[in-house]
Amino acid sequence: MAKVYNFSAGPAVLPHAVLAEAQSELLDWHGSGMSVMEMSHRGKEFMQIVHEAEQDLRSLLHIPNNYKVLFLQGGASLQFAMLPLNLLGDKKSVDIVDTGHWSKLAIKEARRYSAVNVVASSEDRHYLYVPAEDTWQRDPNAAYLHYTSNETIGGLQFPFTPSSLPGVPLVCDMSSDFLSREIDVTQFGLIYAGAQKNIGPSGLTVVIVREDLLGLAQPDTPTMLNYQVHADADSMYNTPGTYPIYIAGLVFKWLKEQGGVNAMAARNAEKAGLLYHAIDSSNGFYTCPVDPEFRSKMNIVFRLKDESLEETFLSEAKKNGLVQLKGHRALGGMRASIYNAMPIEGVKALVHFMQEFARQHS
Ligand code: PMP
C-alpha cells in the first residue's frame, strides 16, 4: 500500500488498485507482448482500450447517444479558448459566472475571441460563495453559459446545476468534481474536465459535447482546436495521449466496481463531513472561510488561527505520512484535496492529526 496519504490538488492520488494493475501489465498488456505505451494508437489492442474507456464512462454518467465523448490534450486550460472558438457561431457574446481563479482565467481567455458577459461574480466577498441564481444578469442571446462547478483553489462548489435558457447551452468546467457526484448530462451542452484529479494522470482532457453544437467553429479555428475534427475522428485525428487514456479506462472500471458515481458521492460526502466537522469543532484553531452551503467536497481549504504555526503543521503532517496539504500559493493556508481515490482512512488520519496538533499547540 502507499506509504503516505497524498492530498494534492492535482495531479492527485489514484486508486491503489489501478496503479497495481497498471504495474502488473506495464511490460505486457494482456499477452500482447507490448506495453500500452508502445502500441500504435490505431492498432486493435489500443482501439479496444479506448473503446472500453468510452463505454465505461458512458455507463457511469448515463451519457446519451447524441453526445460525443472526446479524449483531448492541452488541459482544461485549452478549453478556455476552444469553447468560444467552437461555440460562438454567429452569436456575439458568451455568458460566464465568475466564482474564482479558474472562472477568471476562462473569462480572460474567452475575451480573446468573443465579448464576455460576466453574469455574476462573488469577487466582492473573496469568492466565498456562489451568487444566487436569481441575481444573475443573463443574456438570452448568449452563445452559451459557462460555470466552474468546483473552484479547486478556493474550495467552492456549486450545490446546484444552473438552469439553461432556451438556445443557451450550459457549459461546465468540471475538472475537479467530475465523477464525484451524479449529474444529468442532458442538462448540459458541453462538459469538460482535465484528467489529473478524478480521472487519471495529466495529459488528458475529457470533453462531452452534444452533437448539435459541433460544426459551428469559427473559420480560422486551428484544425487541432476544432471539436468537429476530433469528433469525426473518434479522438484519433492525431496521436492521442494513449497512456493517460488507458489509466483513465482503468479508473472508470474501478469506479464501476465501487458502485458507480452515486456510491462515490455518498463516500465523498462522508469524507468531507468528517473534515469540516474537525475544522468547525476546533474552537477556532482551524477555520474554513467558505460559506457552509458552498463548501467543496473535493478541496477543503482551511487556515490555522495562528499562521506562524503553518510550517510546523505541514512538517509535522509530513512526518505522519500526510502530504501535499499546503494551500495554493494564491491563497495561502491549507488545502486537503480528497478526490474519489482518497480512502476514508486517509481523511480519518488527517482528522486525528489535526486534533492532536491543535491539542499540542492550543
Ligand atoms: N479548471 C479547474 C477547475 C482546475 O482545477 C484546473 C487545474 N487545476 C484547470 C481548469 C486547468 O487545468 P489544466 O492544468 O489541465 O489546464
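Please read all numbers here as calculations on a predicted model, not as lab measurements.

Considerations on the domain arrangement of the chain
Then step 1. Each assigned domain of the chain is listed with its residue range as follows: domain 1 (5–15 + 260–361) and domain 2 (16–257).
Then step 2. Just the C-alpha atoms count here: the centres of domain 1 and domain 2 sit 26 Å apart.
Then step 3. Of all elements in the fold, only α7 (260–280) and β12 (299–304) reach the threshold of two or more residues within the side of domain 1 that touches domain 2.
Then step 4. By residue number, the principal contributor to the side of domain 1 that touches domain 2 is α7, which donates 6 residues.

Remarks on unusual backbone geometry
Then step 1. Here the bond from Gly-10 into Pro-11 is cis, since omega is -10°, no more than 30 degrees from zero.
Then step 2. Tracing the backbone shows Pro-11 in the loop between β1 (5–6) and α1 (16–24).
Then step 3. Of note in this structure, His-126 is not a glycine but carries a positive phi near 55°.
Then step 4. Within the secondary structure, His-126 sits in the loop between β4 (115–121) and β5 (145–148).
Then step 5. Residue His-126 is classed as exposed on the basis of its C-beta count, with 12 C-beta atoms lying within 10 Å.

Section: the site of the ligand
Then step 1. Looking at the ligand, the residues that line it are Gly-10, Gly-75, Ala-76, Ser-77, Trp-102, Thr-148, Thr-152, Asp-173, Ser-175, Ser-176 and Gly-194.
Then step 2. Here the shell around the ligand is composed, by residue class, of 2 nonpolar, 8 polar and 1 charged.

Looking at the UniProt feature "modified residue: N6-(pyridoxal phosphate)lysine" (unreviewed entry) in the chain
Then step 1. In this numbering, the UniProt entry assigns the feature "modified residue: N6-(pyridoxal phosphate)lysine" (unreviewed entry) to Lys-197.
Then step 2. Locating Lys-197 in the fold gives a position in the loop between β9 (190–194) and β10 (205–210).
Then step 3. Its 30 C-beta neighbours within 10 Å are what place Lys-197 among the buried residues.
Then step 4. Lys-197 has contacts with Gly-10, Ala-12, Ser-175, Ser-176 and Tyr-339, leaving out every residue within four places of it along the chain.

Points about the environment of Gln-137
Then step 1. By the secondary structure assignment, Gln-137 is in the loop between β4 and β5.
Then step 2. Residue class for Gln-137 comes out exposed when judged on the 9 C-beta atoms lying within 10 Å of it.
Then step 3. As for Gln-137 and Glu-151, which are separated by 14 residues in sequence, their C-alpha atoms are 21 Å apart.
Then step 4. Contact partners of Gln-137, with chain neighbours within four places excluded, come to Val-119 and Ala-120.

Topic: the confidence of the model for the chain
Then step 1. Looking at the chain, the pLDDT average stands at 97 and 99% of residues meet or exceed 70.
Then step 2. The complex model carries a pTM of 0.98, and its ipTM stands at 0.99.

Examining the sheet that holds strand β3 (residues 93–98)
Then step 1. Taken together, the 7 strands give an open sheet; going across it, the order is β2-β10-β9-β8-β5-β3-β4, and neighbouring strands pair in mixed fashion. The open sheet terminates on both sides in strands that have one partner only, identified here as β2 (67–72) and β4. Going across the sheet, the axis of each strand differs from the next one's by a mean of 20°, ignoring polarity.
Then step 2. The pairing of β2 with β10 spans 6 bridges and is classified as antiparallel. Among the inter-strand pairings, Phe-71 is bridged to a residue of β10, identified as Val-206.
Then step 3. Lying over the sheet, helix α4 (residues 101–110) contacts β3, β4, β5 and β8 (170–173), oriented at roughly 160° with respect to β3.

A closer look at helix α3 (residues 75–87)
Then step 1. If you check α3, its first and last C-alpha atoms are 18 Å apart, about what 13 residues at 1.5 Å a residue would give, namely 18 Å.
Then step 2. By the largest-angle criterion, Ala-81 marks the main kink of α3, which is about 35°, and a proline, Pro-84, follows within four residues.
Then step 3. If you check which residues of α3 are buried, you get Ala-76, Gln-79, Phe-80, Met-82, Leu-83, Pro-84, Leu-85, Asn-86 and Leu-87.
Then step 4. With its phi angle positive at about 55°, Gly-89 sits one or two positions after the end of α3.

As for the pairing of β9
Then step 1. Across the 5 residues of β9, 5 count as buried, placing the element largely inside the fold.
Then step 2. Of the two faces of β9, the one holding Leu-190, Tyr-192 and Gly-194 and the one holding Ile-191 and Ala-193 are both buried throughout.
Then step 3. Strand direction decides the pairing type here: β8 and β9, joined by 3 bridges, are parallel. When the sheet's bridge partners are listed, Cys-172 is paired in β9 with Ile-191.
Then step 4. Examined bridge by bridge, β9 and β10 share 5 bridges and lie antiparallel to one another. Bridge assignment links Leu-190 to a residue of β10, and that residue is Val-209.

Describing the packing of helix α2 (residues 44–61) against helix α6 (residues 242–257)
Then step 1. At a minimum axis separation of 9 Å, α2 and α6 run at an interaxial angle of 40°. The angle between α2 and α6 falls in the class oblique. For the crossing formed where α2 meets α6, the hand is left-handed. Judged by residue contacts, Phe-46, Ile-49, Val-50, Glu-52, Ala-53, Asp-56, Leu-57 and Leu-60 of α2 engage Thr-242, Ile-245, Tyr-246, Ala-248, Gly-249, Phe-252, Lys-253, Leu-255 and Lys-256 from α6.
Then step 2. A breakdown of the residues in the contact of α2 with α6 according to their chemical character gives 11 nonpolar, 2 polar and 4 charged.

Things to note about the sheet that holds strand β11 (residues 286–287)
Sheet strands pair via backbone hydrogen bonds, and the direction of the pair is either parallel or antiparallel.
Then step 1. Ordered in space as β11-β12-β14, the 3 strands form an open sheet in which the pairing is antiparallel. Each end of this open sheet is capped by a strand with a single partner; those strands are β11 and β14 (334–337).

Some words on the environment of Glu-211
Then step 1. On the secondary structure map, Glu-211 appears in the loop between β10 and α5 (227–232).
Then step 2. According to the C-beta neighbour criterion, Glu-211 is partly exposed, with 13 such atoms within 10 Å.
Then step 3. Remark: the alpha-carbon pair of Glu-211 and Gly-43, spanning 168 residues in sequence, is separated by 27 Å.
Then step 4. Setting aside its immediate chain neighbours within four residues, Glu-211 contacts Asn-66, Tyr-67 and Lys-68.

Conventions we followed
Residues numbered from 1 in each chain as written. Predicted model: local features only at pLDDT ≥ 70, side-chain atom pairs only at ≥ 80, totals over all residues. Domains from an automatic or database assignment. Helix = DSSP H or I, 4+ residues; strand = E, 2+ residues; numbered from the N terminus. Buried ≥ 20, exposed ≤ 12 C-beta atoms within 10 Å, placed from the backbone. Near = placed C-beta within 6 Å. Nonpolar A, V, L, I, M, F, W, Y, C, P; charged D, E, K, R; others polar. UniProt positions renumbered as here; feature names shortened; annotations may be inferred. Contact = placed C-beta atoms within 7 Å. pLDDT = per-residue confidence, 0-100. Pairing = 2+ DSSP bridges. Axes fitted to C-alpha atoms, helices over the stretch in contact; angles between N-to-C directions. Expected span 1.5 Å × (residues − 1). Bend = angle between axes of the 7 residues up to and from the residue. Parallel < 35°, antiparallel > 145°, perpendicular 65-115°, else oblique. Left-handed = near helix turned anticlockwise from the far one by under 90°.

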